[in-house]
Amino acid sequence: MFLKINQLHTYYKFKKTIFSPSIWNYALKDFNLEIQRGDFVGVVGESGCGKTTLGNTLVGLIQPYSGEILYQNQLIISPKVNLLNSVLSLRRKIQMIFQDPYSSLNPRHKIKKILQSGLFLHKLATRKNIMEKLEYYLSLVHLNKHMLDRYPFELSGGQRQRIGIARAISLEPEVLICDEITSALDVSVQAYIINVLFELKQKLNLTILFITHDLSLVRHISNKVCVMYGGEVLEIGNTKTIFSNPKHPYTKALLNAVPTLNRNKKPAILEGEPPKTDTIYDHCIFYNRCPIKKEVCKETKPRLEKLNSREEHFSKCFFYSDV
Ligand SMILES: Nc1ncnc2c1ncn2[C@@H]1O[C@H](COP(=O)(O)OP(=O)(O)OP(=O)(O)O)[C@@H](O)[C@H]1O
Ligand SMILES: [Mg+2]
């Protein structure tokens, strides 16, 4: 398996004041996901469901509470794994591009310094070939070498996001996590960035995890979709299947909430409150908002089950056939 996430739990522990008791925020719960090389996985779900936490855990920015992440069958992330050099060199193969192109680049450094520091740190360039490398990575994101002498504030949002992409790919990753990389940009620049991403995917043989709120974008660009809710995966499958034949009531609700050009078809807003983040539920996490709930959903927690043998389609719903 190329990338496998096994029963991952990532929690945040914090205090409101120094004298108050600790509060746990269960951001990812029993999270399981398998990704094949070359996949373009769209990760969707409402705000606060743990998408960024998933990305941060995958790149090692946050230590998980339990569970493990295997990359090409080698353990790279778990609460116990040591930061040995072998693990670090494998972890470099997973890079992340952040949501906000304004705050993800150091405003005091020129683009040259921003890009070269990672290359030197990982010994991927020498003083001799650094300029050649920087120009190459800039050309991959359609920018020229004059950018190197500029500060981030001198660039537009789209250019800044392309610098973020160049910084990530310069570390020669195989997996790229894109956390809402186009949500701060206008539509034409969004399309440009997506085209750059597609070109890079082909050229560098990348596997991409694309976190977004934009379901219509996911429909067009990804081959797999992972639907998250309250820190859990509720449904995973091929994009075509998920959009034409969703098998979880939450996925269906998400799809019904997408606005369309048809004036007679108003977006259906999902009623009810999202799950509490400081509680671990021993029943279905979608229970309080589910339109097809039954007694058993309150008594037992459903598991992510494979729905048929023909394709990789999983749903966490007892009554998936009624959706
Ligand atoms: N540093 C932190 N300390 C405490 N709780 C946090 C921290 N970061 C995130 N959380 C909590 O973890 C949960 C998941 O947050 P996360 O940012 O991963 O959601 P998200 O799906 O990326 O949301 P959005 O779509 O708004 O970006 C939320 O309940 C959030 O409040
Ligand atoms: Mg986020």
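Our subject in this report is the structure included herewith.

Cut-offs applied
Residues numbered from 1 in each chain as written. Chains lettered and ligands numbered in written order. Predicted model: local features only at pLDDT ≥ 70, side-chain atom pairs only at ≥ 80, totals over all residues. Heavy atoms only, no water. Buried < 20%, exposed > 50% of the residue type's maximum accessible area, 1.4 Å probe, protein only. Helix = DSSP H or I, 4+ residues; strand = E, 2+ residues; numbered from the N terminus. Pairing = 2+ DSSP bridges. Right-handed = clockwise from strand over helix to strand, strands pointing away. Phe/Tyr/Trp six-rings, centres within 6.5 Å; stacked < 30°, edge-to-face > 60°. Lys NZ or Arg CZ within 6 Å of the ring centre and 35° of its normal.

## So, the pairing of strand 8 (residues 207-211)
Now for step 1: Among the five residues that make up strand 8, five are buried, leaving the element largely enclosed by the rest of the structure.
Now for step 2: Neither face of strand 8 is exposed, since T207, L209 and I211 on one face and I208 and F210 on the opposite face are all buried.
Now for step 3: Inspection of the sheet shows strand 3 (residues 40-44) paired to strand 8 by four bridges, in the parallel sense. Bridge pairing in strand 8 links F40 to I208.
Now for step 4: Where strand 7 (residues 175-179) lies against strand 8, five bridges are found, and the strand directions are parallel. Of the residues in strand 8, the one forming a bridge with L176 is I208.
Now for step 5: Note that the unit made of strand 7, helix 6 (residues 187-204) and strand 8 has a crossover that is right-handed.

## A look at the packing of aromatic side chains
Now for step 1: The full count for this structure, using the stated rule, is 13 aromatic pairs.
Now for step 2: Arranged with centres 5.7 Å apart and planes meeting at 75°, the rings of W24 and Y65 form a pair that is edge-to-face. You can see W24 sitting in strand 2 (residues 23-35) and its partner Y65 sitting in the loop between helix 1 (51-58) and strand 4 (66-71), a full 41 residues away along the chain.
Now for step 3: Taking relative accessible area as the criterion, W24 reaches 29% and is therefore assigned partly exposed.
Now for step 4: Among the aromatic residues, those joined into a cluster by ring pairs are Y11, W24, Y26 and Y65.
Now for step 5: If you follow K293 out to its NZ or CZ, it ends over the ring of Y287, 4.9 Å from the centre.
Now for step 6: Against the face of F319 rests K294, its NZ or CZ located 4.2 Å from the ring centre.

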